[in-house]
Amino acid sequence: MLKISHAAGHARITPGKQSPDGYKEWQVTSEIVKLVMMELESYEGVSQKRIDDPTGETDIPLNKRCELINTWGANVHIDYHLNAYGDGWTNAGGTETYIYTTWPKEAAALAGKIQTNLIRELGFYDRGVKTTNFQIVRETKMTALIVEFAFMTNLNEAMKMRTSEYQKKAARAVVDGLVAHYGLKKRPAVISINDGLYRVQVGAFSDINRAKALVEELKAKGYPAILI
């Protein structure tokens, strides 16, 4: 069982943590957390926990967050953020992913996959995978990442990240990184049809090459399979 914990890095009520026009970081990151968790529910062998307050009404202290993650026994933790720089709208922009300063091998590999996906999906400047001594990666006992999807002080990026389209893109990038890194498989969905037969759906992909690969894998195992 792969145990994954998630957290919108700051609460809706946290002072600051907003764009120059007052749009809260939490309003974006909370939606991405929900989308990621919803998608991962369709995969086998995954258990999930959201460790921030999903209402945004309480900003759980970092030491408490680390305690919750460690006590639950997560194998992976992802913290969801938007970056900021300067006063008012600025030109600083891009996407970056942080891991702990010791450059843990597992975290670096997962971060690399997610960062690559984010650049492909969002199209923002690639700021790369970096290291940090932030508490959430220092005092947790598992593979831990901090994802900075974009800059909420960059007008172009901020406006895009407020849309459901870009939130879905961000969530897809995170999920696809986890799926690729841990070899996650879709849970078969059995759907009844009118003639008394049952159709079994074993996967749905945004990448047609992954869909074709699954079809070939099923055929090699003796199962009739088609790509729809």
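Residues numbered from 1 in each chain as written. Predicted model: local features only at pLDDT ≥ 70, side-chain atom pairs only at ≥ 80, totals over all residues. Heavy atoms only, no water.

### Quick word on helix α6 (residues 164-182)
Given 3.6 residues to a turn, an α-helix orients residues that are three or four positions apart in the same direction. For α6, with 19 residues, the first-to-last C-alpha span of 27 Å sits near the 27 Å given by 1.5 Å per residue. Positive phi shows up at G183, right after α6, with a value of about 65 degrees. (Helix = DSSP H or I, 4+ residues; strand = E, 2+ residues; numbered from the N terminus. Expected span 1.5 Å × (residues − 1).)

### Structural notes on the packing of helix α1 (residues 25-40) against α6
Axis separation between α1 and α6 bottoms out at 9 Å; the angle between their running directions is 45 degrees. What the angle tells us is that α1 and α6 run oblique. Remark: the crossing between α1 and α6 carries right-handed chirality. In contact with Q27, V28, E31, I32, L35, V36, E39 and L40 of α1, α6 contributes Q167, K168, A170, A171, V174, V175 and L178. Looking at the contact of α1 with α6, its residues break down into ten nonpolar, two polar and three charged. (Axes fitted to C-alpha atoms, helices over the stretch in contact; angles between N-to-C directions. Parallel < 35°, antiparallel > 145°, perpendicular 65-115°, else oblique. Left-handed = near helix turned anticlockwise from the far one by under 90°. Contact = heavy atoms within 4.5 Å. Nonpolar A, V, L, I, M, F, W, Y, C, P; charged D, E, K, R; others polar.)

### Here's the deal with the environment of A108
Along the chain, A108 falls in helix α3 (residues 105-122). The exposure class assigned to A108 is buried, which follows from its relative accessible area of 14%. In this structure the C-alpha to C-alpha distance between A108 and K130, which are 22 residues apart in sequence, comes to 9.0 Å. When neighbours within four sequence positions are excluded, A108 is seen to be in contact with I99 and W103. (Buried < 20%, exposed > 50% of the residue type's maximum accessible area, 1.4 Å probe, protein only.)

### A word on a nonpolar patch on the surface
Together, W89, L155 and M159 give the surface a local cluster of nonpolar side chains, amounting to about 260 Å² of exposed area. Relative to the helices and strands, L155 resides in helix α5 (residues 155-161). (Patch = residues over 30% accessible without salt bridge, like charges linked within 9 Å, V, L, I, M, F, W, Y side chains within 5 Å. Areas by Shrake-Rupley, 256 points an atom, 1.4 Å probe, with all protein chains shown as cover. Salt bridge = Lys/Arg side-chain N within 4 Å of Asp/Glu carboxyl O.)

### Notes on α3
Taking 1.5 Å per residue, 18 residues should reach 26 Å; α3 reaches 26 Å between its end C-alpha atoms and fits that length. Restricting attention to buried positions, one finds in α3 the residues A107, A108, L110, A111, I114, Q115, N117, L118, E121 and L122. Packed against the buried residues of α3 are β3 (76-83), β4 (95-100), β5 (126-132), β6 (143-151), α5 and α6.

### Some words on the pairing of β5
Bridge analysis of β4 against β5 gives six bridges, and the strand direction is parallel. Bridge assignment links Y98 to a residue of β5, and that residue is K130. Chirality of the crossover, the property in question, places the unit of β4, α3 and β5 among those that are right-handed. (Pairing = 2+ DSSP bridges. Right-handed = clockwise from strand over helix to strand, strands pointing away.)

### Let's talk about the pattern of salt bridges
Here the structure, examined in full by the defined rule, presents twelve salt bridges. Here E57 makes a salt bridge to R12, at a shortest N to O gap of 2.2 Å. Of this pair, E57 sits in the loop between β2 (46-50) and α2 (62-72) while R12 is found in the loop between β1 (2-8) and α1, placing the two residues 45 residues apart along the sequence. What makes E57 partly exposed here is its relative accessible area of 41%. Residue R162 is joined to D21 by a salt bridge in which the shortest nitrogen-to-oxygen separation is 2.7 Å. Of the two residues, R162 is situated in the loop between α5 and α6 and D21 in the loop between β1 and α1; the sequence distance between them amounts to 141 residues.

### Thoughts on the sheet that holds β3
Read across the open sheet, the six strands follow the order β2-β1-β3-β6-β4-β5; overall the sheet is mixed. Of all the strands in the sheet, just β2 and β5 have a single pairing partner and so form its edges. For this sheet, the mean inter-axis angle between neighbouring strands, taken without regard to orientation, is 20 degrees. The pairing of β3 with β6 spans seven bridges and is parallel. Within β6, the position partnered with V76 by the bridge is T143. Docked against the sheet, α2 engages β1, β2 and β3, running at close to 165 degrees with respect to β1.

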